[in-house]
Amino acid sequence: MKDEKRNKRVLFLALFLAIVTNVFGQNFTISGKVFDTDAITPLIGVTVRQQGEKSGTITDSNGNFSLHVEGKNPILTFSYLSYNTTTVAVKNKSSIEVILKPSAQNLNGVVVTALGIKREEKSLGYSVTKISNNELTKNVTGNWLDQLNGKVPGLNLQQAGTGPLSTMRVTLRGDHSLNHGNSEALFVVDGVPIQSSTVATGSGSTYANSDAPVDFGNGASDINPDDVESVTVLKGAAATALYGSQAGNGAIVITTKSGKDTKKWGVTLKSSLVFDVASYWPDFQKEYGSGSDMGLNEFCFWPLTAEQAPDGITTSSNISRYAFGEKYDANKLRYQYASKDWETNTYTKLPWVYADDWYKGFFQTGTTLRTNVAISGGNGKGTTARFSFTDTRNNWIMPNTGYVNDDVAIAFDTPLNKHIKLSSRINYTNKRSDNLPCTGYSAQNPLYTLTMGYTNNPINLWKEEYFQGRFNSENFGADGTNGHSLVYRSDNSLNPYRTVYEEKNTMDKNRVYGNISAIINLEKDLTLKLCSSLDITHLWRTQQKPFLTSGYMQGFYREQTTNIYYTNNDFLFTYSNNRWFNEHLGFSASFGGNSMNYRYYNDRITLEKLQIDGIYNIYNVPSGYSPDDFSYHSKKKVNSLYGFASLSWDNTYYLELTDRNDWSSTLSKGNRSYNYPSVSTSILLDQLFHFNKHASWIDMLKFKLSWANVGNDTSPYSLDRYYNATSYYGGYSISPNIPSANIKPENEQSWEGGFEGKMFRGRIGFDFTAYTTSTTNQIVSVAADQITGATGYTINAGKISSKGLEISFNAVPVRTHNFEWSINLNWSKIWNKLDKLQDNWNSDEPYQTDMGTTIGNRVYIYSFVGHQMYHIYGHGYKRASQGSYYLDNNGNKIDCSGSKIINSNGYPVLDTSNLIDLGKVNPDWTGGFSTAFRYKNWNLSMDFSAEVGGHCYSVTNFALSYQGKLKNSLNGRYDGFVVDGVQATDQNGIYTKNNTIFTSAETYYNIYVWNRNNAEENTFSTNFLKLRQVRLDFTVPHKICRKTKFLDDASIGIYATNIFCITPFPQYDPETAMVNGADIYGGIETMSYPMTRSYGINIKLSF
Amino acid sequence: MKIFKYSVLVLTCGFLLIGCTADFEGTNTNPNKITVESGKLSASAMFEPILYGGTNYLTYISWFWNNELMQHTANTAFTIRQEHRYYIGDSNWTSLWNNIASYGSNIHEMYRLATIQNDPALQAVSKTLYVLWMQNLTDMFGDIPYSQAFQATEGIKTPVFDSQEKVYQEMCADLESANKIYAENPYVRNGIAPLDGMYGFDMAKWRKFNNSLYLRLLCRISGRPSTIVDNTYTVPEKIQQIVNNSSVYPIFISNSDNATVHYSAIDPYYSQFDPKDNTEANFTAYRLTEETIKLMVIKGNDETVDTYIDPRLPIIGNQRPKYAYWKGTIAGCPSEEQNNVDKGTSYLNYATLARNNSDEYLMDYSEVEFILAEAALKGWITGGEDAARTYYENAVTASIKKWSEFGTKVSPDYAISDDQIKEFLNSSLGSWDDNPNHEQLIIEQKYLASFWMGMEGWNEYRRTGYPALTIGKGCTFNDMVLPTRMGYPNTTVATNSANAAAALKNMGGENDMKTPVWWSKQAIEK
């Protein structure tokens, strides 16, 4: 309504001026300025034409234009992709101001590029993908980044199923650097980079680590999607070259919402409620119960004396965490854990049946309630403000875990006068949790305990043991005086409820980030933008473990404070002029600078023993014990100057040149200055070949090509060799890494080219992009032999080349007034090759990705020089060599090359002499498909995604399988079978066909097949097809809203996620990984949490 | 004018933000650590992690590797632990190589600092310790870089591997030169004595350790007697020289000379097996084997009847609750048979071994006496059979006394009386007269005495072939061969391939665990 009014005002103004200026001649030049809806932001590249005339012009970077008009009563049309075309009658004014209103359907035409510059998509020589706000807030649970999954070709999200905050590693177009922590995308909010990484707590990896890591979330997940207007994904180096060394891996550019320029203050209320249900489970077998003797003896939990036993028969215990025991049968009565009446100390035999909830019962329905209130408005004269508050409360799928998140965002824009506009964005976020779970294959993860449980014990028994106080030193361990803890009798008793209720990991994170900027119009064509930004994080974490915790029998307490200060100061001069060469040439140039300042403080104290159980503070120290102190502070500065020029000719040819020079404090004097240029070009073939005449159904057809050279610097203090402090006070050891004072910045060169088109008035669009990047001079610690005095030298080495294809396609097959059907398809493929490692590297030897302990050194992620990167290597079955054969009954030679070799007892033998290639970690291709149907005010949408060609080793799989708890150990339980393979004879290369039936299924499955050493069996394809989301939205018709007198807008949506997932990967989610320190690594899954299906409802009301 | 105005504006912006890079040096100065370049660290600051950490590591590998290879124990309880079946691969090789070399590297740096700081006492100590670690490295892997080791900062990133013979010659030379420094009783800087939890930097004691270690080295290469050490002497000549000149080459003469590292159990001075990190379940998994039981127990007609046991056995092992006799498991048994052979097997004594205040040993007096016994028996030194017997009985007595003292640190204690020692020396287990193969007796008792002390059991087994161990039927992972060495790690082969290949060629084998090292019986007999 307001916009209509403004349009009227503009028209009126135009009319008035037309009358006034009518007296002037018939041919004259009219100049003017075109603004965005806020009446402040100039629109760049708007096409201005006189109606009926072919020629026209476009607005410059300040929104200015001037056009020669003819005739008595000229009418100008202003067209701009994704904005409504507006016509204005000029009459005989010499100057006009026009405001354009965005059109809902074409919103994709304008994108925010590097440094926050809004550009027309058609003028760009590189690939960008834009995601609008309503895509992001569709479904918010753990991490909003998940909404980008499957929507952006070339974007890869890796997560390790690590808990409610579910940190994700974001890479664009694959890993470019051997430096794993150096391959993540840059996050930019309102033109300013922010901290997106995580700070590790715990040590090392998620395999067999008693100090298991906790996922406390990463910096990128602090961004509140409700405050985000749009996200632009700048994938290639050309797109991000202006960010210099920080954005060699692409950038996620986020624009937050600003206020609306209306006098009326609008209030938007959004609320959503999401239910998370753990929905994907291992394939449990329900036929055989606890035991490791194949049911030879009766199951018996309690060793009873004749006096204790009701039937007077002494029993001895026969239990095992393995499920290679007796067949379940309700008619069998056995002494089970529940047989004991703890009050009377009497025992009764109970039916021997499978408990359906022995594992699943631990999980609850998680809920996330999210409420957002936003107030937005202005004074109608250009001053606008927006205030938003968001509260998120999460109870996770495991008891006593979850988090609370409060976000406040303030946006304020005001024109001080005609020349200066001030803007400010401030975001505050507080994220806190009373407990986040430990992750990985560790006794600190409740899942670990669950996998060790007996399948005849309902979950209630765990619950009762803990809540009735029976998890105590008397019942603890193999030697418990008073009986036994519930888990299999080992030295380390565990109870998952105790883990989540007492082994707590808490956090309280406060973060403020934002900026103040001023845009000053210095001259007609010259503006200066000044911007100052700040990002401060204060993070407080504790980890508590009571006595009798596995690995910490005397308790554990750690507290950690992290402070991060990150500031950026910028200036940017922009000059543009479209008046040259008879207005054929559009020209704009900028020159700017940035000063980045980073300070990091991390202090941590760890007590691996406590004096008093249950008291958690750093003074609760037993005598003779010293807590472990850790302190690390670092600083980094980068100063930069940059400039760019963009030229366009006739609205057809576009050329952009950028150059940036950085000075980084992390490098030595001679190397600290480095330069990054880029060139990109776009040619509009539709203009060039005048498609509007012979193929008017083509709206736009663009050829794009770009080249860039960017890179990375390094972390602070990488130039000198140090002595490391040891636990012996005053005792030092020499650092095992030898740095080089002469390291140079990493260098990444990339080419990108492709076509983009829009047809049938935007009903069909496609983007085809191919790229190649080559990263050299990588700053890596290359492997060294410790006998030289170090395990690594930091040098510039290695070369990785990537090639990729990205295709996206969208169409609206049906569009009527009431009904619309749209589809969206994207597909991408990456080839990632290790071309070179260090000098003298023997290329037969692999480069190992350092993931900490990779399943106790059983499974490795290797890359070989000259081959695609990241393959899983591990042991597999011993197999007959090429040319082997056996003789069949008729004496014919039967080739058996590659057959499993079976030992004389009928079991297949593992080959430990060689590691074999078990498959590529990264997929061959990934794709996403979404479709939406709109009928009147109803909207139904579905998102699918798929990946093909990746692999992953699964810890969850071996952990449950070798214990016989899954269906994959049922075949041959009692009768055995003949494993397909051959047995060796005395003569080399000659075999006999195996016909020995193995005797023990337990040995077969436990020792041979599902043993963790057998990486061949435990590695699976991660191909999948997921229906990620189905969503139904209803928007209340405006008529009805108007009737309420106060409601402007109302909508309601319901949705469900992960409706199905078709995959050969057997355990939970094929999109999985492992955590080591602060990094997430693909290829190995280490007991991640179950994949959930979420059901949500959200309501939006605007007043 | 305008141009001027904007120039000023641009320059102001430029300078304000970009400023200068003058403070970059300061920004990039690490506030957390001391740089090597600063030269501010004193050599003694490197000593404690080497002594305490290093000795813990040697005790750790004794438990994890020596015990399993040498069939003192077999961890048959965890399906993931199969070292006793020789399921050993590159990651194990890497870890052993890197850890041992890392101590070598730190000692090398300590020596460098001591030299710069003109501290002969620490120079000598560094040399002795350096040889100890390099001995462990070469004994485990065979040929190793020695003359060019740890010189990456001098630009040697692909060091040449020296033959084991040359490594031994250089180690002997280093011990000779350290002995000369000790002989001058070098000044020990004020205040550093408490850092040394072994000898309190008593130079006389370090000297005895140095020369005892020298004897260990000479004994190890005694199968190659013609090797020239100290530029002049054959191996037997050098041994004789050391024995004859106790004032020039003082060696251990009693248990009080032992290279014993004392741990106070005050953080961080914890010995390796802290109960905090090692539960009893951990230890029950380490089952004693038949081979060890055979050497320490005399059985009656029935395996359930023990007629006599080595008095040290209850200190290192424990019986299962319901089994009143000592029983060993079968090292290297196939997985299928594991459950059967494991029933009732005795295991490592948690109470005595898992203490955070227990002593650990780099070398002991009994080893010296065992060396002399062998030397006398084989005629490297004078004295013949009679002297050999005396040396042997001294050695056994010293070992039992050492373990007796170890066993008195817990309650109830395991003190062993002198009578018990006599009884042992008269039993068929320890008697000189009852065991006609004296070489076998000496080495088998040396094998038992070296329990919990680095890799000495494995080293001596490879040198002598004693005790004659049976390879389990499940040892398929190394084709039924008890590992003769560890392989070079991938990193070594990848980064220094030509030199590693030359070393393998010199040793005459592949990079596996089947190639014998130069001083071993197998190599000599080949």
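Residues numbered from 1 in each chain as written. Chains lettered and ligands numbered in written order. Predicted model: local features only at pLDDT ≥ 70, side-chain atom pairs only at ≥ 80, totals over all residues. Heavy atoms only, no water.

**Digging into the overall build of chain A**
Now for step 1: Secondary structure summary: chain A contains 12 helices and 61 strands in total.
Now for step 2: Taking 32 Å as the expected radius of gyration for a compact globule of 1103 residues, we find that chain A reaches 33 Å, a close match to that expectation.
Now for step 3: Considering only C-alpha atoms, chain A reaches an extent of 120 × 70 × 70 Å along its principal axes.
Now for step 4: By residue count, 60% of the 1103 residues in chain A fall in the buried class.
Now for step 5: Charge-centre separation for chain A: the mean point of 101 positive side chains lies 10 Å from the mean point of 100 negative side chains. (Helix = DSSP H or I, 4+ residues; strand = E, 2+ residues; numbered from the N terminus. Rg over C-alpha atoms; globule rule 2.2 N^0.38 Å. Buried < 20%, exposed > 50% of the residue type's maximum accessible area, 1.4 Å probe, protein only. Lys, Arg positive; Asp, Glu negative; His and termini not counted. Charge placed at Lys NZ, Arg CZ, Asp CG, Glu CD.)

**Observations concerning the sheet that holds strand β49 (residues 910–920) of chain A**
Residues and elements named next belong to chain A.
Now for step 1: The antiparallel open sheet is built from four strands, whose spatial order is β43-β44-β46-β49. Here the strands that pair on one side only, and so sit at the sheet edges, are β43 (847–848) and β49.
Now for step 2: The pairing of strand β46 (residues 871–877) with β49 spans five bridges and is antiparallel. Bridging across to β49, Y873 finds its partner in D917. (Pairing = 2+ DSSP bridges.)

**Overview of the sheet that holds strand β48 (residues 893–895) of chain A**
Residues and elements named next belong to chain A.
Now for step 1: Here four strands make up an open sheet; going across it, the order is β48-β47-β54-β53 and the pairing mixed. Looking at which strands have only one partner, the edges of the open sheet turn out to be β48 and β53 (982–984). Here the strands of the sheet are splayed against their neighbours by 45° on average, with no regard to which way each runs.
Now for step 2: Where strand β47 (residues 885–887) meets β48, three bridges bridge the pair, whose relative direction is antiparallel. (Axes fitted to C-alpha atoms, helices over the stretch in contact; angles between N-to-C directions.)

**Overview of the packing of helix α7 (residues 203–220) of chain B against helix α18 (residues 456–464) of chain B**
Each pair of packed helices can be summarised by the angle the axes make with each other and by the distance between the axes.
Residue and element names in this part refer to chain B.
Now for step 1: Here α7 crosses α18 at 35°, and the two axes come no closer than 10 Å. Judged by residue contacts, R216, C219 and R220 of α7 engage E456, N459, E460 and R463 from α18.
Now for step 2: Of the residues belonging to the contact of α7 with α18, the class tally is one nonpolar, one polar and five charged. (Contact = heavy atoms within 4.5 Å. Nonpolar A, V, L, I, M, F, W, Y, C, P; charged D, E, K, R; others polar.)

**A word on the confidence of the model for chain B**
Now for step 1: Looking at chain B, the pLDDT average stands at 93 and 98% of residues meet or exceed 70.
Now for step 2: Under the prediction, the complex receives an ipTM of 0.94, its pTM being 0.85. (pLDDT = per-residue confidence, 0-100.)

**Description of the interface of chain A and chain B**
A common way to state how big an interface is: give the accessible area lost once the parts meet.
Now for step 1: Contacts between the two partners involve 87 residues from chain A and, on the opposite side, 78 residues from chain B.
Now for step 2: Interface area for chain A against chain B, summed over the two sides, is near 6,900 Å², with a carbon-plus-sulfur share of 58%.
Now for step 3: For chain A, the biggest contributors to the area lost against chain B are Y723(A), Y728(A) and I787(A); these three give 14% of the whole.
Now for step 4: If you look at where chain A meets chain B, you find two salt bridges.
Now for step 5: Notably, a salt bridge pairs R672(A) with E25(B), separated by 3.0 Å at the nearest N-O pair.
Now for step 6: Between the two partners, chain A and chain B, sit 22 residue pairs in polar contact (both at pLDDT 80 or more).
Now for step 7: Among the elements that take part in the side of chain A that touches chain B, strand β30 (residues 628–649) of chain A stands out by supplying nine residues, more than any other.
Now for step 8: When grouped by side-chain class, the residues that make up the side of chain A that touches chain B number 34 nonpolar, 37 polar and 16 charged.
Now for step 9: Inspection of the sheet shows strand β34 (residues 722–725) of chain A paired to strand β1 (residues 34–35) of chain B by two bridges, in the antiparallel sense. Within the sheet, the bridge partner assigned to Y722(A) lies in β1(B) and is T35(B). (Buried area = accessible area lost by both parts, 1.4 Å probe. Salt bridge = Lys/Arg side-chain N within 4 Å of Asp/Glu carboxyl O. Polar contact = N/O pair within 3.5 Å; in protein donor to acceptor, adjacent residues only side chain to side chain.)

**Quick look at the nonpolar core**
Now for step 1: Within the largest apolar cluster, 158 residues are counted, with the highest numbers of intra-cluster contacts made by M134(B), W206(B), F209(B) and M486(B).
Now for step 2: The dominant element in this core, judged by the number of residues it contributes, is helix α5 (residues 120–141) of chain B, at 13 residues.
Now for step 3: Filtering out sequence-adjacent residues up to four positions away, F209(B) remains in contact with T128(B), L132(B), M198(B), Y199(B), F252(B), A259(B), L362(B) and M363(B).
Now for step 4: Core analysis: the next-biggest nonpolar cluster, separate from the first, contains 95 residues, W352(A), W358(A), W462(A) and I1084(A) among them. (Core = buried A, V, L, I, M, F, W, Y, C linked by side-chain atoms within 4.5 Å.)

**Brief notes about the pattern of salt bridges**
Now for step 1: Scanning all chains against the criterion turns up 70 salt bridges over all chains.
Now for step 2: The partner of R432(A) in a salt bridge is D406(A), and the shortest N-O contact between them spans 3.3 Å. On the criterion of sequence distance, the pair formed by R432(A) in strand β25 (residues 420–435) and D406(A) in strand β24 (residues 402–415) is long-range, its members being 26 residues apart.
Now for step 3: Look at R432(A) and you get partly exposed, because its relative accessible area is 30%.
Now for step 4: D359(B) is the partner of K409(B) in a salt bridge, and the nearest nitrogen-oxygen pair spans 3.7 Å. Here K409(B) is found in the loop between α15 (384–407) and α16 (418–426), whereas its partner D359(B) is found in the loop between α13 (350–353) and β9 (360–363), with 50 residues between them in sequence.
Now for step 5: According to the relative accessible area criterion, K409(B) is partly exposed, its value standing at 43%.
Now for step 6: Assessed through its relative accessible area of 11%, D359(B) is described here as buried.

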